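Tertiary structure, described
Listed below, chain by chain, are the residues.
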Number of protein chains: 2
Amino acid sequence: MSKTLPFRQAPIPLKASCHTCSLSKLCLPLAVNETDLESLEDIVQQGRIYNRGEHIFDQSTSFRSCFAVRSGAVKTSIVSEDGEEQITGFFLPGELVGLDSMSGDFYACTAKALERTSICEFPVQKLEELTSRLPDLQHHMYQLMSQEIQHSHQLTMLLSKNTAEERIAALLLSLSSRFQRRRLSGIRFSLPMARNDIANFLGLAVETVSRVFTRFQNQGLIRARGREVELLDIPALQGVSRELSRQVCP
Amino acid sequence: MSKTLPFRQAPIPLKASCHTCSLSKLCLPLAVNETDLESLEDIVQQGRIYNRGEHIFDQSTSFRSCFAVRSGAVKTSIVSEDGEEQITGFFLPGELVGLDSMSGDFYACTAKALERTSICEFPVQKLEELTSRLPDLQHHMYQLMSQEIQHSHQLTMLLSKNTAEERIAALLLSLSSRFQRRRLSGIRFSLPMARNDIANFLGLAVETVSRVFTRFQNQGLIRARGREVELLDIPALQGVSRELSRQVCP
DNA sequence: GTTAAAATTTGATCAGGATCAATTTGGACG
DNA sequence: CGTCCAAATTGATCCTGATCAAATTTTAAC
């Protein structure tokens, strides 16, 4: 495949360095002090790089680990008996994927890279041992899972009570604030997902998403060209979304 | 208030007895062995009885405990900025309320008794200390929270992809199997919640719920009189709901 | 660069369920 | 037992967003 490389690619380093990771204030390390960070590093494995569209795991993969996004973006989805897919979340760097799978022997969802993505792997067995030893880390895990429940409930309300415009405004604002927390622009950014994914996640048809985007554009709320988006009038968008003080997904 | 009682009501016993509780195979005790059960009993408090409509906590209550339903039923709901309510779950005996609140200083939702209900209280601080000591209990907590995330995702899919009939069939089947697991009839039972609650939970109008109930009745799928329901043709209901191998809420 | 396939946009029509309105039923309580 | 209020049902109409269809743009592959 790679004719230019005379040797096999170097084996992936087993140990990731949370110390030097710029996400340590967002990711799991935020819950452990300097001395315990090494214990966490001992169990983390630097995962490989996934290209756009590659599966990280699916519902037939036996559950072994949770994954932190290091760079890129991930979507998770579940599939119903009749084959319909429902996207359950979009995950940005520093966010933990797989918390919904900590019961049962297989992953409860499918995780797919939305763009070129690198991840860190936390084997749950070791993670559970570690959280037993480190109460702060255990507490943080409870918090993370609790937040994921909350966000899912927010999404439920969004789907249950809000119009197409409100849903899309809420998603744009959620992405905006999450990018901002990562020291990226919350005004101008590149959507990690396709229109189709947005539609699926928000319980809409693609056509509706497309129409709302153009409507927002005509109203001067956003400027969108493909996946590139610029939020021109955030207060107005907040007015449209009416609620969702917290974000709509992790 | 209670003129007939010569003395104040006896103080509520601080310690609940999981040993003698018929729900111990459903509730938290299922995760601990005989010897550790006492540690769990040490932290559990027998809560008081709530009448229909009484609040157990709301979003302005500072978070202190999770609650297990002992008898009766509980609904949880969140309220958006503009005052709209969204019911996020119905909880039956043996189920744990408050897992969504384990981050932040206040409860993330409001919990209200749907009928005369008794509960057991687990102060989270003590619970976290205990789960640190008992890996099996910690593991079980992760499982419970993970399941709650899964169920919420299932609900998301239901709201996003399914018709009114499918949603209602799914809810009836979920209740049925949950009653059955509690050794109650899964065929004939009393709905703990009003039509309004069903509508709110499933993202429908009350009128729609009512119409679907009568339609199901005319098709011979169910017999319903007020809150009393009899499932006459479960396979047909499963056909209607098409999916939801797992239940739609805890 | 050229071509094929996928994603996005735009238009026209249709339907499921919301909304508005009016009864009817049922339950709590004096 | 009758009264009153909330819950549930039923009917008629309307609207948001789905669906079907087609054009256009973007992306990927060669």
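What you see is a predicted model, and the numbers here were worked out from it, not measured in a lab.

**Some details on the pairing of strand S8 (residues 117-123) of chain B**
Residues in a regular strand point their side chains to alternate faces of the sheet. Residue and element names in this part refer to chain B. With seven of its seven residues buried, S8 lies for the most part within the structure. Neither face of S8 is left uncovered, since the one carrying Thr117, Ile119, Glu121 and Pro123 and the one carrying Ser118, Cys120 and Phe122 both have all their residues buried. For strand S1 (residues 45-50) and S8, the ladder comprises four bridges, and the chain directions are antiparallel. Looking at S8, one finds that Tyr50 is bridged to Thr117. Both strand S3 (residues 65-71) and S8 contribute to a ladder of six bridges, which runs antiparallel.

**Focus: helix H3 (residues 135-161) of chain B**
Here H3(B) spans 39 Å end to end across 27 residues, near enough to the 39 Å set by a 1.5 Å rise per residue. Across the 27 residues that make up H3(B), a large majority, 20, are buried.

**What to know about the nonpolar core**
If you look at the biggest cluster of nonpolar residues, it comprises 82 residues, and the most contacted ones within it are A:Leu40 and B:Leu40. Other than its neighbours up to four places away in sequence, A:Leu40 contacts A:Leu28, A:Pro29, A:Val32, A:Phe122, A:Leu130 and A:Leu137. Core analysis: the second largest hydrophobic core is formed by 71 residues, A:Ile87, A:Phe216, A:Leu231 and B:Ile198 among them.

**Brief notes about the environment of B:Gly89**
Residues and elements named next belong to chain B. The residue Gly89 is located in strand S5 (residues 85-91) in this model. Residues Gly89 and Ser152, spaced 63 residues apart in sequence, show a C-alpha to C-alpha distance of 8.8 Å. In contact with Gly89, other than residues within four places in its own chain, are Val74, Lys75, Thr76 and Phe201.

**A look at the side chain of B:Ser146**
As for its placement among the helices and strands, B:Ser146 is situated in helix H3. By relative accessible area, B:Ser146 is classed as buried at 0%. Setting aside chain neighbours within four positions, we find B:Ser146 in contact with A:Leu99, A:Asp100, A:Ser101, A:Met102, A:Ser103 and A:Met145.

**Topic: the interface of chain B and chain A**
Facing the 45 residues of chain B at the interface are 45 residues of chain A. Carbon and sulfur atoms supply 54% of the area buried between chain B and chain A, which totals about 4,300 Å² over both sides. Looking at the side of chain B facing chain A, the largest losses of area belong to B:Tyr142, B:Ile149 and B:His153, adding up to 16% of the total buried there. The set of elements that each furnish at least two residues to the side of chain B that touches chain A consists of strand S4 (74-79), S5, helix H2 (124-133) and H3 of chain B. Tallying contributions element by element places H3(B) first for the side of chain B that touches chain A, with 21 residues. Per-class residue counts for the side of chain B that touches chain A are 13 nonpolar, 22 polar and ten charged.

**Some points on the protein's contact with DNA strand C**
Taken together, 15 residues form the shell around DNA strand C, and within it A:Ser210, A:Arg211, A:Thr214, B:Ala164 and B:Thr208 come nearest. Among atoms of DNA strand C positioned within 4 Å of the protein, sugar and phosphate together represent 60%. Within the backbone of B:Ala164, one N or O atom sits 2.6 Å away from a phosphate oxygen of DNA strand C. One of the side-chain N or O atoms of B:Thr208 is found 2.3 Å from a phosphate oxygen in DNA strand C. Elements represented by at least two residues in the surface near DNA strand C include exactly helix H5 (195-202) and helix H6 (206-218) of chain A together with helix H6 (206-218) of chain B. At four residues, the largest contribution of residues to the surface near DNA strand C is made by H6(A). Looking at the surface near DNA strand C, its residues break down into four nonpolar, six polar and five charged.

The rules we used
- Residues numbered from 1 in each chain as written.
- Chains lettered and ligands numbered in written order.
- Predicted model: local features only at pLDDT ≥ 70, side-chain atom pairs only at ≥ 80, totals over all residues.
- Heavy atoms only, no water.
- Buried < 20%, exposed > 50% of the residue type's maximum accessible area, 1.4 Å probe, protein only.
- Helix = DSSP H or I, 4+ residues; strand = E, 2+ residues; numbered from the N terminus.
- Pairing = 2+ DSSP bridges.
- Expected span 1.5 Å × (residues − 1).
- Core = buried A, V, L, I, M, F, W, Y, C linked by side-chain atoms within 4.5 Å.
- Contact = heavy atoms within 4.5 Å.
- Buried area = accessible area lost by both parts, 1.4 Å probe.
- Nonpolar A, V, L, I, M, F, W, Y, C, P; charged D, E, K, R; others polar.
- Near = heavy atom within 4 Å.
- Polar contact = N/O pair within 3.5 Å; in protein donor to acceptor, adjacent residues only side chain to side chain.

Shape is all these values report; function is a separate question.
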